[in-house]
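Listed below, chain by chain, are the residues.
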Amino acid sequence: MERPSLRRLLDQGLTAKLTLVMAPAGFGKSTLIAEWIHKQPHSYGWISLDERDNDLVRFMEYLIAALRTIQPGLCDSVLQYIQETRDFSAETAMTLLMNEVQAQSREIVVVLDDYHAICEPSIHHGLAFLLAYLPRNMHVVIASRSEPPLPLSAMLARRQLIRISANDLRFTIQEIRELFRLTIDEPLTEEELSRLGHRTEGWIAGFSCRKKNVRAKENDIVAYPFTQQRPEQLEGDIVDYLTEEVLSRPTPDVQQFLLKTAVLERMNESLCNHIIQKESGKTLHEAVQSGLFLIPLDRDRM
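Residues numbered from 1 in each chain as written. Predicted model: local features only at pLDDT ≥ 70, side-chain atom pairs only at ≥ 80, totals over all residues. Heavy atoms only, no water.

## Concerning the packing of aromatic side chains
The criterion, for reference: Two aromatic rings, drawn from Phe, Tyr or Trp (for Trp, its six-membered ring), form a pair once their centres lie within 6.5 Å of each other, and the interplanar angle then sorts them: stacked below 30 degrees, edge-to-face above 60, tilted otherwise. For a ring to carry a charge above it, either NZ of a lysine or CZ of an arginine must fall within 6 Å of the ring centroid while also lying within 35 degrees of the normal to the ring plane.
In this structure the tally under the stated criterion is two aromatic pairs. Considering the side-chain rings of Phe-129 and Tyr-133, the 5.0 Å spacing of their centres and the 50 degrees angle between planes classify their relative orientation as tilted. Above the face of the Phe-171 ring, Arg-3 is positioned so that its terminal group lies 3.9 Å from the ring centre.

## Topic: the side chain of His-139
Applicable threshold: Segments assigned H or I by DSSP are reported as helices when at least four residues long, segments assigned E as strands when at least two residues long, and all are numbered from the N terminus. A simple rule labels every residue: compare its accessible area, found with a 1.4 Å probe on the protein chains alone, to the largest value its type can have, and call it buried under 20%, exposed over 50%, or partly exposed in between. Within 3.5 Å is the distance limit for a polar contact, defined as a pair of N or O atoms, with the added protein rule that one can donate a hydrogen and the other accept it, and that residues adjacent in sequence qualify only through two side-chain atoms. Two residues form a contact once any of their heavy atoms are found within 4.5 Å.
Structurally, the position occupied by His-139 is in strand β4 (residues 138-144). Owing to a relative accessible area of 3%, His-139 belongs among the buried residues under this scheme. Among the polar contacts listed, one links the side chain of His-139 to the side chain of Thr-19, at a separation of 2.9 Å. Not counting residues within four places of it along the chain, the set of residues in contact with His-139 comprises Gly-13, Leu-14, Ala-16, Lys-17, Leu-18, Thr-19, Ile-108, Val-109, Val-110 and Leu-134.

## Regarding the environment of Ile-47
Here Ile-47 shows up in strand β2 (residues 43-48). In the structure, Ile-47 is positioned 15 residues away from Tyr-62 in sequence and 6.8 Å away in space, judged by C-alpha atoms. Setting aside anything within four residues of it in sequence, one finds Ile-47 in contact with Tyr-62, Leu-63, Ala-66, Val-111, Leu-112 and Asp-113.

## Describing the environment of Lys-282
Examined against the element boundaries, Lys-282 turns out to sit in helix α14 (residues 281-289). Along the backbone, Lys-282 and Val-254 are 28 residues apart, and their C-alpha atoms lie at a distance of 9.7 Å.

## Considering the confidence of the model for the protein
Where we set the bar: The quantity known as pLDDT measures the predictor's confidence residue by residue, on a range of 0 to 100.
Overall, the prediction assigns the protein a mean pLDDT of 80, with 74% of residues at 70 or greater. Here residues 209-234 is a poorly scored stretch, pLDDT under 50, and it has 60 contacts once near neighbours within four places are set aside; other chains count.

## Digging into the packing of helix α4 (residues 76-84) against helix α5 (residues 90-102)
Helix-helix packing is characterised by the crossing angle of the two axes and by the distance between the axes. For the record, the criterion: Axis lines are fitted through C-alpha atoms, for helices just across the contact stretch, and the angle between N-to-C directions can take any value from 0 to 180 degrees. With respect to orientation, any angle under 35 degrees is reported as roughly parallel, any angle over 145 as roughly antiparallel, any angle of 65 to 115 as roughly perpendicular, and every other angle as oblique. In this scheme, a crossing is called left-handed if the near helix is turned counterclockwise away from the far one by less than a right angle; it is called right-handed if the turn is clockwise. Note on residue categories: nonpolar means Ala, Val, Leu, Ile, Met, Phe, Trp, Tyr, Cys or Pro, charged means Asp, Glu, Lys or Arg, and polar means any other residue, Gly included.
Where α4 contacts α5, the two axes come as close as 8 Å, and the packing angle between them is 165 degrees. Accordingly, the angle class assigned to the pair α4 and α5 is roughly antiparallel. Here α4 runs over α5; the crossing is right-handed. Between α4, through Asp-76, Ser-77, Val-78, Tyr-81 and Ile-82, and α5, the contact on the second element is made entirely by Thr-92, Ala-93, Leu-96, Leu-97 and Glu-100. Taken together, the residues that form the contact of α4 with α5 break down as six nonpolar, two polar and two charged.

What follows is the structure, encoded as structure tokens:
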């Protein structure tokens, strides 16, 4: 489904060094980028990351492999350097990589998907160095559930960063109507659309499921109406999704924090301290940074 406003943001990002698409699970970050990238004239490399990739050597090898899908043999010298040099320098490796990319005549886009899985400081340092000296013919797109530890404020001030947030990714009522028109035989009533938009707040995973749950026109992921006849089915799917994709990932301390504060619609540190009967500032910050559907509402991030 076309979303012109988001495509314009992604297109605008090509004039900067970095596009950061940051939102909790199920907001369609990867799908949005994939649909956009396949319509671009630029060459691209895609890296899907997970927790096993917190190793600088592996990260560099994946980055080189992604670039080699664009040009076979690209970055041979970088690969040789990291394989032959013990305790190699991330900055030296990135410098070698940038030299080879800069020699290319084509525009190159590198996508780092699920970057929230990365916690290795040397990788963050190497990526920050890459972004600081990024060749003019290279652009980086990061999809993440949490804010990466990169110099984002400085990049934003220099107009080197375009951010796409959960608020940008939320489906409007008009977009929900269009999505359902494309994927099911029977259109939703305005009452059903309103109820669905209110219950999901535009969260695409909140009204998506496999074709087996609805009469559909495509074999792809499709949506079905949140009607009074099927609320248990929809809410059961959401519970399964949240359990697998969200609630199983935080640390035990954050899991307990979320369990005890789940009754609150709005929260701040002092209220959380009262609810859980201990200091909660660090845990609250970790929950927000982890992309666990907690949205800061003011300058104090409360």
